[in-house]
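The lines below spell out each chain.
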Amino acid sequence: MNILSVDIYNLRDLTYEKQYPLNPTGLNIILGQKRDEEDEANGVGKTTMVEVMNYLLGSSAPEDLLKSKELAERDVFLILKIRKGSKESFLGRRIIDSERGYILDRTTFTHELKQWEIVSGKTYKNFIQELQYDKPCEDIPSFSALREYVMRDEKKGFNDITLPNREAKRQYKYLSYLFRLPHTTEDQLLELKNPIKKLKDEMKLVNSMAKTIDDLKIRRNKIEREIQELSSKYSALKIGDNYKAEAQTYSDLKSELSLVQRDIFKNEQIAKQYRRNIDDLSKKITEIRELNDIDAFYSQLIDYFPDNIVQNRDKIVLYYDFMIENRGKYFGNKLSVIESNLEEMYVSKRRLLDEINKVSSFLDNNEILEDIAYINDKINEKNLELANINAKIAIYDQKSELNKKINKQTAKFMGLTNKLEDEFSSNSNQIERIVELFNELLNVAYKEEGILEFEFENRTTMRDATGRVKIKCKIEDEKSHGRLYMKINIFDLTWFIMQLDDDNSIDILVHDGSYCKPDKRRKVALLKHVDTLLKLKKNGQYFITLNMDELATSDLEWFRDNKLVPVELDRSEGHKNRFFGFKYS
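The model shown is predicted, which means the values in this text are computed figures rather than measured ones.

Trainee: Teacher, can you tell me more about the sheet that holds strand 12 (residues 541–547) here?
Mentor: The pairing of strands in a sheet comes from backbone hydrogen bonds and takes either a parallel or an antiparallel form. Pairing within the open sheet is parallel, and its 5 strands lie in the order 8-11-12-3-13. A strand with exactly one partner marks an edge of an open sheet, and here the two such strands are strand 8 (151–153) and strand 13 (567–569). When strand polarity is set aside, the average angle formed by the axes of neighbouring strands in this sheet is 15°. Here strand 11 (residues 508–512) runs beside strand 12; their pairing, made up of 4 bridges, is parallel. Paired with Val510 across the strands is Phe543, a residue of strand 12. Packed on one face of the sheet, helix 15 (residues 481–498) meets strand 8, strand 11 and strand 12 and runs near 170° to strand 11.

This is the structure in C-alpha cells:
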C-alpha cells in the first residue's frame, strides 16, 4: 500500500484547506522551516501530520484535534489517497465523527459523503488490516499492533529498539515477525509450559505435606476408633421402636410446617398486592368522577366548556370504568382464589402444630433425647475431621501420578523446544542477510560495523522465556543521543527494507523527530542511501520529520532538487503554511 497524498477538506465550505502529494516510493521529508532567526520551526505541524496519517490508518484521534473548535467548526475531513497494486482509493476520517471511518472505492474524490462507505471504527480497522496484508494468516500480528513500530515517535520510541512499558513477549514477537523470523515459537511452547507449571504447583503442595503425612495417618486411625466407640454407645442405648418412629415423625412434621408457613407468607404478600391494585383503581375513578362537578362550575362562569376537554375527560372516565370493570374483576377473582387457598393453608398449619405438640410431649418425657443428640453431634464432628484428613492423604497419594504427568508433559515440551530451535537455525541465511544490511547502512553512516544478533532462548526452566527470539543491537558510543537515535533508525530501516519483497510487506515506515540529534553529515549519507535502495526495489515509503536547520544548506537544496521534500511547513502568511493552513489550537 502506497500513500499518494494527505489532504485536508473543509466540509462546511466545500473546499480543500490543504493537499500534500507525496512520493509513492522512496524518501519523503516533512520539513519545518524558519523564515528568519527569530522564527521557530517547531509547532508548524510536522508531528500533527504524522498523527493524522496514523489516525487515517486506524489509530484513535489525537486529543488535541478532538478538542479544537476551529477544526470542528470547519468540519475538517482528513483524507488519505492510497494505491494498492494498480488500484487507487481514498480513506477518510472526520474530526466531529471520530468513532467512524470513511472508504471511497474510486479514483476521484467527492465531497458527497453519501457516496462513501461509512463504517464503524472496528470495521475501519479491519479494512486497513485486509488492505495491508495480501495473504491474511492467523499467525500474523495485526497491523494495529505493529503500528507503533511502523510509526515511531521520538518522544517515546527512541530509548531502545524495544518500546517502553510494553510486554517483552509481545515486543520480541512483533520484531521477529518484522524481520521475517519465527515469531510464534514462545506462544507455542507456553501452551505446553503452562500445564507443566500448574502440575508443579500441585507437586509443591504435595511436597509441603511430606513432614506431616505420617501424623495425619496416625490421627486418622485414632478418629476411626473414636467414631467406632461412639457408634457402639449409640447402638447400646435402649431406644424403643416407638421412640425412633416418633423422633422421625417430629422431624417430618417440622419440615412440612416450614413448607406450609413459607406458602402462607408468599400468598399473603400476593393477596396484599391484589388489594392494593384494586384500591388504586377505585381511587383513580373516584378522582375522575369528581370532574363532573366542574361542568356546572364552568357553565355558571362562562357558559362554555371546550369540547375537546369534555371529550378528553369522558375518555378518561370511560377508561377507568373499563379498568374497574375488567382489571378490577380480574384482581378480585385472583384475590378470591388466593384467600381460598390461604384458608386451606391455615387449616393445615393448625393441624401440624397440634400434631407437633403431641409428639413433643412424648419426646420431652424421654431423658435419653439429650444423650442421643450429643452422640450424634460428636459422630458428625469426627466424620468431618476424618473426611478432611482423608482428602489430604489422597492428595499426597497422587504424588507418583503427578510425577508421571509432569515427566510426560516435560518430554513433549522438550521435544517441541528442540524442533523449534532447529527450525530457527534453518533461518541462518535470512539472519546473515539481515546483519549484512544492518552493517551496510551503519557503514554508510559511520564507516563502521555493529552488532545485530538473534538468539533462540532454549533454556527450559519455568522462569525462562523459552522459544523467544531475543534481539541484541549495539553500536559504538551509543550513549550519545545522536548515535543512539541513528542506531534505532538503522535497526528499523533494516527490517523495513528486508521485508519489502514479501507478500505481506509493510510498505511504509515513519520516523518522527528521530533525526533531530544525529550528526548532519551522517544522517544525510544514510537518507540518500536509503532512498536509492527503495527506488531500486520500486517499493517502500520512508517518512521522516526534519527542521530546516538540522541539514546543511547544500544538502537541503539537494533534497529539494531531487523532490524528496514534498511537505514544507512554516508560520508565515498568517499561519497559512502550517499543516492545516491555519492555527487550530
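What follows continues from the structure just given.
Trainee: Hey, could you run me through the packing of aromatic side chains in this one?
Mentor: Aromatic rings in a pair are described by how distant their centres are and how their planes are angled relative to each other. Following the criterion strictly, the structure yields 20 aromatic pairs and no others. Ring centres of Tyr20 and Phe579 lie 5.4 Å apart, and the angle between their planes is 15°; this geometry places the pair in the stacked category. Remark: Phe579 occurs in the segment after helix 18 (572–575) and Tyr20 occurs in strand 2 (residues 15–21); sequence separation between them is 559 residues. An identical accessibility class is assigned to Tyr20 and Phe579; each is buried. Each residue in the set Tyr9, Tyr16, Phe77, Phe90, Tyr102, Phe109 and Trp116 is aromatic and connected to the rest through ring pairs, giving one cluster. One residue, Arg74, lies across the ring of Phe582, its end atom 3.8 Å from the ring centre. Geometry around Tyr177 places Arg180 over its ring, the cationic atom sitting 4.4 Å from the centre.

Trainee: Which parts of the structure should I look at to understand the packing of helix 5 (residues 143–150) against helix 6 (residues 168–178)?
Mentor: Describing two packed helices takes the angle between their axes plus the distance from one axis to the other. It is at 11 Å that the axes of helix 5 and helix 6 come closest, and there the two elements cross at 80°. Relative to helix 6, the element helix 5 is oriented roughly perpendicular. Contacts from Ala145, Leu146 and Tyr149 of helix 5 reach helix 6 at Gln171, Tyr174, Leu175, Tyr177 and Leu178. Across the contact of helix 5 with helix 6, the residue classes break down as 7 nonpolar, 1 polar and no charged.

Trainee: I tried to follow the sheet that holds strand 5 (residues 87–94) on my own but got confused; where do I start?
Mentor: On the basis of which strands lie adjacent, the open sheet formed by 6 strands has the order 2-1-4-5-6-7 and antiparallel pairing. Of all strands in the sheet, those with a lone pairing partner are strand 2 and strand 7 (117–120), marking the two edges. Neighbour to neighbour, the strand axes of the sheet diverge by 25° on average, direction disregarded. Looking at chain direction, strand 4 (residues 76–84) and strand 5 are connected through 8 bridges and run antiparallel. Bridging from a neighbouring strand, Lys81 pairs with Phe90 of strand 5. Contacts between helix 4 (residues 121–132) and the sheet are confined to strand 4, strand 5, strand 6 (100–104) and strand 7, with strand 7 contributing the most and set at about 110° to the helix.

Trainee: So what exactly am I meant to see when it comes to the nonpolar core here?
Mentor: For soluble globular proteins, the rule of thumb is that nonpolar side chains tend to be buried together. By size, the foremost hydrophobic cluster in this structure holds 106 residues, and its most contacted members are Phe454, Tyr542 and Phe580. Apart from residues no more than four positions distant in its own chain, Phe580 is found in contact with Ile8, Glu17, Lys18, Thr48, Val52, Leu65, Leu71, Val76 and Leu78. With 15 residues, the next largest nonpolar core counts Leu253, Tyr274, Leu335 and Ile356 among its residues.

Trainee: What is the right way to look at the pattern of salt bridges in this model?
Mentor: Proximity of charged atoms lets side chains of opposite charge pair with each other. In total, this model carries 32 salt bridges according to the counting rule given. For Glu385, the salt bridge identified is with Arg219, shortest N-O distance 2.9 Å. With Glu385 in helix 12 (residues 368–397) and Arg219 in helix 8 (residues 213–236), the pair connects residues that are 166 residues apart, well separated along the chain. Given the relative accessible area of 27%, Arg219 is considered partly exposed. Across the pair Glu339 and Arg275 runs a salt bridge whose closest N-O atoms are separated by 3.0 Å. One end of the pair, Glu339, is in helix 11 (residues 307–364); the other, Arg275, is in helix 9 (residues 241–289), with 64 residues separating them in the sequence.

What counts, and where the lines are drawn
- Within each chain, residues carry numbers counting from 1 in the order of the written sequence.
- Whole-chain, interface and lining totals are the exception, using all residues; otherwise, since this is a predicted model, local features are given only for residues with pLDDT of at least 70 and side-chain atom pairs are given and counted only at 80 or more.
- Computation of side-chain values: all heavy atoms of the structure, hydrogens and water removed.
- Between any two strands, at least two bridges found by DSSP are needed for them to pair.
- A run of DSSP states H or I qualifies as a helix once it reaches four residues; a run of E qualifies as a strand once it reaches two. Both are numbered from the N-terminal end.
- Axes, fitted as lines to C-alpha atoms, cover a helix only where it is in contact. Angles between the N-to-C directions of the axes lie from 0 to 180 degrees.
- For this analysis, residues touch if any pair of their heavy atoms sits within 4.5 Å.
- By convention, a stacked pair of Phe, Tyr or Trp rings (six-membered ring in the case of Trp) has centres within 6.5 Å and planes under 30 degrees apart, an edge-to-face pair has planes over 60 apart, and any other such pair is tilted.
- A simple rule labels every residue: compare its accessible area, found with a 1.4 Å probe on the protein chains alone, to the largest value its type can have, and call it buried under 20%, exposed over 50%, or partly exposed in between.
- Only Lys NZ and Arg CZ are tested; either one counts as a charge over a ring when it is within 6 Å of the ring centre and within 35 degrees of the ring normal.
- Should an angle lie under 35 degrees it is considered roughly parallel, over 145 roughly antiparallel, and from 65 to 115 roughly perpendicular; all remaining angles are considered oblique.
- Polar here means any residue outside two lists: the nonpolar Ala, Val, Leu, Ile, Met, Phe, Trp, Tyr, Cys and Pro, and the charged Asp, Glu, Lys and Arg; Gly therefore counts as polar.
- Residues enter a nonpolar core if they are buried and are Ala, Val, Leu, Ile, Met, Phe, Trp, Tyr or Cys, with the set joined through side-chain atoms within 4.5 Å.
- The term salt bridge refers to a side-chain nitrogen of Lys or Arg lying within 4 Å of a carboxyl oxygen of Asp or Glu.

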